[in-house]
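# Residue-level structure breakdown
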Amino acid sequence: MTPESATADHGTLASVAGLVARLDLAAKVRLLTGETAWRLFPVEEIGLRSLAVSDGPVGVRGTSEIAGESSKLFPSPSALAATWNPALAARLGAVFAREARAHGVDVVLAPQVNIQRTPVGGRHFECYSEDPLLTSLIASSLIASMQEAGVAASVKHYVANDSETERTEYVASVGEQAMHEVYLAPFEHAVKTAGVWSVMSAYNAVDYAGESSPMSEHDALVNGLLKQDWGFDGVVISDWMATRRTVEAALGGLDLVMPGPGGPWEQNLLEAVRDGRVPEAVVDDKVARILLLAERTRDRGLPASDEGDDRFLRDLAAGSVVVIKRGETFPVMRTPASVALIGPNAVSAYVLGGGSSTVNPAHVVSPAEGFQAALPNAELTLVRGGDARRHAPVLDAAALGAGVTVTYLDAHGAELDTEHLAAWTGWLRALPDAVETVVLDAQLDLTEPGEHWIELGTVGRYRLELDGAVVAGGNRAVGAEVILDSSINSPDGDGGLVAITEPRLVPLRVTLGAIRAGGYGNIVRAELRHHRPGPTVEDEIRIAVEEAASADLVVLIVGTNDEVESEGWDRTSLRLPGRQDELVERVLAVAPDAVIIVNAGAPLVLSWLEKASTVLWAWFPGQECGHALADVVLGRTEPAGRLPWTLPARETDVPVPDAKPEAGRVEYYEGVHVGYRSWEKNNAVPAAAFGHGLGWTEWRYDSVVDAGERELDVTITNTGERAGTEVVQVYLEAPGGAFERPVRWLGGFATATVAPGESATVRVSMSRRSFEVWDAATSGWMLPPGDYRAAVGRSVRDIRLRSTLPISAETTAEHEVSPTEEVTAP
């Protein structure tokens, strides 16, 4: 589908030119900066409503205009990619659209199609895959479905924003061939195939075509490639607070500065146009794009909700689970008399990653709730096995029974106002400019004898007093950077001990400096945390082992948390946090058939993997977490996921172990050999290869036949005892030549659901682009002719069949393909 056909029913830039002509220069410039953090300005005289935008990779959070607003929480994007099923992505796109309409949102800031270049990337979970084809097909299906319902997708972050360390400052240095074949590929597909209506520019700068500029002002990549070469007619929106310069951003192709109010365009663009530094025609083009976006996103009467959406999210979470290892007793087809749910993530599952993708679900089904509902007559025991977090748990609301008194002070310490809050959420937002300091006073109701650790998690200037004594403090001046690096979401903490011999009220006072966060307003952050007296981690592990030894079924859920996987920072280790590896080892010693569920978004090194019988990778499963996990373990829904990335056996084998900038630059030294391609080049052995996933049945690959037009017919047989879904994967190997090519790369894939004992023939279609290379010498695509080898199998390492595809330079032009068309056999 070309950009023209993709948007044929949704207007063109020419169709809104008359509206642009009716606006004076000041009105046009005003439109190019947000009115608020999540809204654009309306213009009543031309019928333009205020467009609303919302963060959205795992659900539509809303515009923060409604207190207590809740949203559906989807499985993480990596979980969706693990289905290898664009049809499911399209169904999720429809749910996105319904959620957007329910929250009054016109533009969803999703999907994120940056490539999972390194497993330590902080937003790895928010991306789809380390492979550009899988990323492209999943993302474009979601985009097309969402926009068919009149809700715009804003694909992000354009481009080479694949790690978090110094993300607002570094320059990404990517070779031209790798840039086009890997990192630009999902964006190009979103524009040319899905006709995406918005693109978000990245924080970082990029070296490309002789230009080294921030992406909010990169003329070659935005004006030249995106808008001119690809024909993109939508809105290029800045990442929040990324725009720093007026003229350079205006001439570099950016269309909309967010958030508002404020920012360089609101302050300076009008003058820059009047004095000739920015042509008014440039402003007109930007305004036309916003007006066209408004026309495209008019409400089309879409129902705001669907009673089947929660069930779909449950099935999606279950179906995305990847079976890393499968023991003889999995799935559990018997009815256990007793179940031991063990692990930090069994007690508190990590259902979404940290950062701007956070939504507030109305409900989350815990693992205990899910298993108890599935096994109502079983005796269920829930044991943590040790806290895996660095920070203390959030203070229980009951400990602040009388609430919190808040006093607002000006720069001279004079009281401006005071109020009493019945509950404390950890935040105060939209403070008046006159507020310099906020003081919180409360009485902690501590009843348990022993030592209580009271901790304050915050950023910036603070002082913590307990029982009248100062126990912690700091004077670091901070601003909007704590939003951009997400440190405000999971802040470091300090505190003090309070000894309790009998129940009493302990005075608490917290003094906080107001944070001036630019477009995010004035904020204070104070997460109150509390470690109660209780057993040590060693005590908890011992208890967990005792429960495992006596239970009929042991389900051990380990994983990461919001201190580990989040926007704003990259991980420093691929190990499970805390003493979880030790917990697994000790539980397996007494319960070798334990089902181990890894609740994490990005790869981990699992030191105990060879000792385990059954290991399931469950991602961040969203609101239906507990139901989905029970459905998988108890054999009610097939865990049909396949890894969209490589699971390493050792950290030293990881091709790109970190993305730390050196002298402000991130060198993409691996070129086109990203992810599994480097594993193939280096001949290193991972714990589980890209594309791996065992499901719950067995498969035989019978034959492969060349069906012409870059298509293969693959016949497979389900040799197991259960109906199952197989993902047939085709990897291409080049015939040789002058260009740098991967040893093997994903060319196409398709899914088939087959009954036990039955066979199915699956057609795998591959696009011309799968065979092409980017020729830096001519700055264009070319098709090297020759006999390409097609390796057909269950993963990049589990190859079952081989074929040859003769490709000539005169091969027919590109045509629409359905590389993941589902086949169902009896």
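Refer to the structure above for everything that follows.
An account of the accompanying structure is given in this report. (Residues numbered from 1 in each chain as written. Predicted model: local features only at pLDDT ≥ 70, side-chain atom pairs only at ≥ 80, totals over all residues. Heavy atoms only, no water.)

### As for the overall build of the chain
What counts here: A helix here means a DSSP run of H or I that spans at least four residues, while a strand means a run of E at least two residues long, and both kinds are numbered starting from the N terminus. For the radius of gyration, the atoms used are the C-alpha atoms, and the globule rule reads 2.2 Å times the number of residues raised to 0.38. Here the term buried applies to any residue with accessible area under 20% of the maximum for its type, exposed to any over 50%, and partly exposed to those in between, with areas from a 1.4 Å probe on protein chains only.
In terms of helices and strands, the chain carries 20 helices and 37 strands. In summary, the chain has a C-alpha radius of gyration of 27 Å against a globular reference of 28 Å for 826 residues, a match within 12%. Based on the C-alpha atoms only, the size of the chain along its principal axes is roughly 85 × 80 × 50 Å. Per-residue burial over the chain gives 62% buried out of 826 residues.

### Some words on the side chain of Arg642
Put simply, the test is: Any pair of nitrogen or oxygen atoms within 3.5 Å is treated as a polar contact; in protein, a donor-acceptor pairing is required on top of that, and neighbouring residues in sequence qualify only through side-chain atoms on both sides. Contacts are assigned to residue pairs that have any heavy atoms within 4.5 Å of one another.
With respect to the helices and strands, the residue Arg642 is situated in the loop between α19 (625-633) and β27 (665-667). On the accessibility criterion, Arg642 (0% relative accessible area) is buried. Only 3.0 Å separates the side chain of Arg642 from the backbone oxygen of Ala640, close enough to count as a polar contact. One polar contact links Arg642 to Glu726, side chain to side chain, over a distance of 2.7 Å. Apart from the residues lying within four places of it in its own chain, the contact partners of Arg642 are Ala82, Trp84, Val322, Gly691, His692, Gly693, Gly695, Thr725, Glu726, Val727, Gln729 and Arg794.

### Let's talk about the sheet that holds strand β21 (residues 515-516)
Where we set the bar: Pairing between strands requires that DSSP locate at least two bridges from one strand to the other.
As summarised here, the arrangement of the 3 strands in space is β14-β22-β21, forming an open sheet in which the pairing is antiparallel. The strands lining the two open edges of the sheet, one partner per strand, are β14 (427-428) and β21. Where β14 meets strand β22 (residues 522-525), 2 bridges bridge the pair, whose relative direction is antiparallel. Within β22, the position partnered with Trp427 by the bridge is Arg525.

### Describing helix α5 (residues 86-102)
To keep it simple, the criterion reads: One less than the residue count of a helix, multiplied by 1.5 Å, gives the span that helix is expected to have.
For α5, which comprises 17 residues, the first-to-last C-alpha distance of 24 Å matches the rise-based estimate of 24 Å (1.5 Å per residue) to within 8%. Among all positions of α5, only Pro86, Ala89, Leu92, Gly93, Val95, Phe96, Ala97, Arg98, Glu99, Ala100 and Arg101 are buried. Those residues of α5 that are buried lie in contact with α4 (77-82), β2 (107-109), α6 (132-148), α13 (309-319) and β31 (745-754). Remark: Gly104 follows α5 within two positions and exhibits a positive phi of approximately 70°.

### Remarks on the packing of aromatic side chains
Short version of the rule: The pairing test for Phe, Tyr and Trp rings, Trp by its six-membered ring, is centres within 6.5 Å, and the orientation test on the planes gives stacked under 30 degrees, edge-to-face over 60, and tilted for anything in between. Criterion for a charge above a ring: Arg CZ or Lys NZ at most 6 Å from the ring centre, at most 35 degrees from the ring normal.
Counted according to the given criterion, the structure contains 17 aromatic pairs. Both rings, one in Phe690 and one in Tyr731, keep their centres 6.5 Å apart while their planes meet at 80°; by these two values the pair is edge-to-face. With Phe690 in the loop between α20 (676-682) and β28 (699-708) and Tyr731 in strand β30 (residues 724-733), this pair connects stretches of sequence that are 41 residues apart. Like Tyr731, Phe690 is buried. The rings of Trp84, Tyr676, Phe690, Tyr731 and Phe749 are connected pair by pair, giving a single aromatic cluster. One Lys or Arg, Arg117, reaches over the ring of Tyr668 and ends 4.0 Å from the middle of that ring. Sitting over the face of the ring of Trp696, Arg722 holds its NZ or CZ atom 3.8 Å from the ring centroid.

### Focus on the environment of Ala684
Its place among the elements puts Ala684 in the loop between α20 and β28. The exposure class of Ala684 is buried, given its relative accessible area of 13%. Sequence separation between Ala684 and Phe330 is 354 residues; the distance between their C-alpha atoms is 29 Å. Setting aside residues no more than four positions away along its own chain, Ala684 makes contact with Trp679 and Arg797.

### Considering the sheet that holds strand β23 (residues 527-531)
To be explicit about the condition: Lines are fitted to the C-alpha atoms to define the axes, a helix being fitted only along its stretch in contact, and any angle between axes, read from their N-to-C directions, falls within 0 to 180 degrees.
Strand order in the open sheet formed by 3 strands is β19-β16-β23, and the pairing between neighbours is antiparallel. Two strands lie at the open edges of the sheet, namely β19 (493-500) and β23, each paired on one side alone. Ignoring which end each strand starts from, the neighbouring axes of this sheet average 25° apart. With 8 bridges connecting them, strand β16 (residues 450-457) and β19 associate as antiparallel partners. Bridge pairing in β19 links Glu451 to Ala499.

### Observations concerning the nonpolar core
What counts, and what does not: The term nonpolar core refers to a set of buried residues drawn from Ala, Val, Leu, Ile, Met, Phe, Trp, Tyr and Cys, joined through side-chain atoms within 4.5 Å.
Grouped together as the largest cluster of nonpolar side chains are 147 residues, with contacts concentrated most on Leu92, Tyr158, Val159 and Trp240. Examining the composition of this core, we find that 8 residues originate from one element, α6, more than from any other. Apart from the residues lying within four places of it in its own chain, the contact partners of Leu92 are Phe74, Leu80, Leu142, Phe312, Leu313 and Leu316. The next biggest cluster of nonpolar side chains, apart from the first, holds 37 residues, and it includes Ile541, Leu588, Leu604 and Leu606.

### Here we look at the pairing of β28
In this structure, β28 lies alongside strand β29 (residues 711-718), joined through 8 bridges in antiparallel fashion. For Arg700, the partnering residue across the bridge sits in β29 and is Thr717. Here β28 hands over to β29 after 2 residues, with Glu709 in that stretch at a positive phi of 50°.

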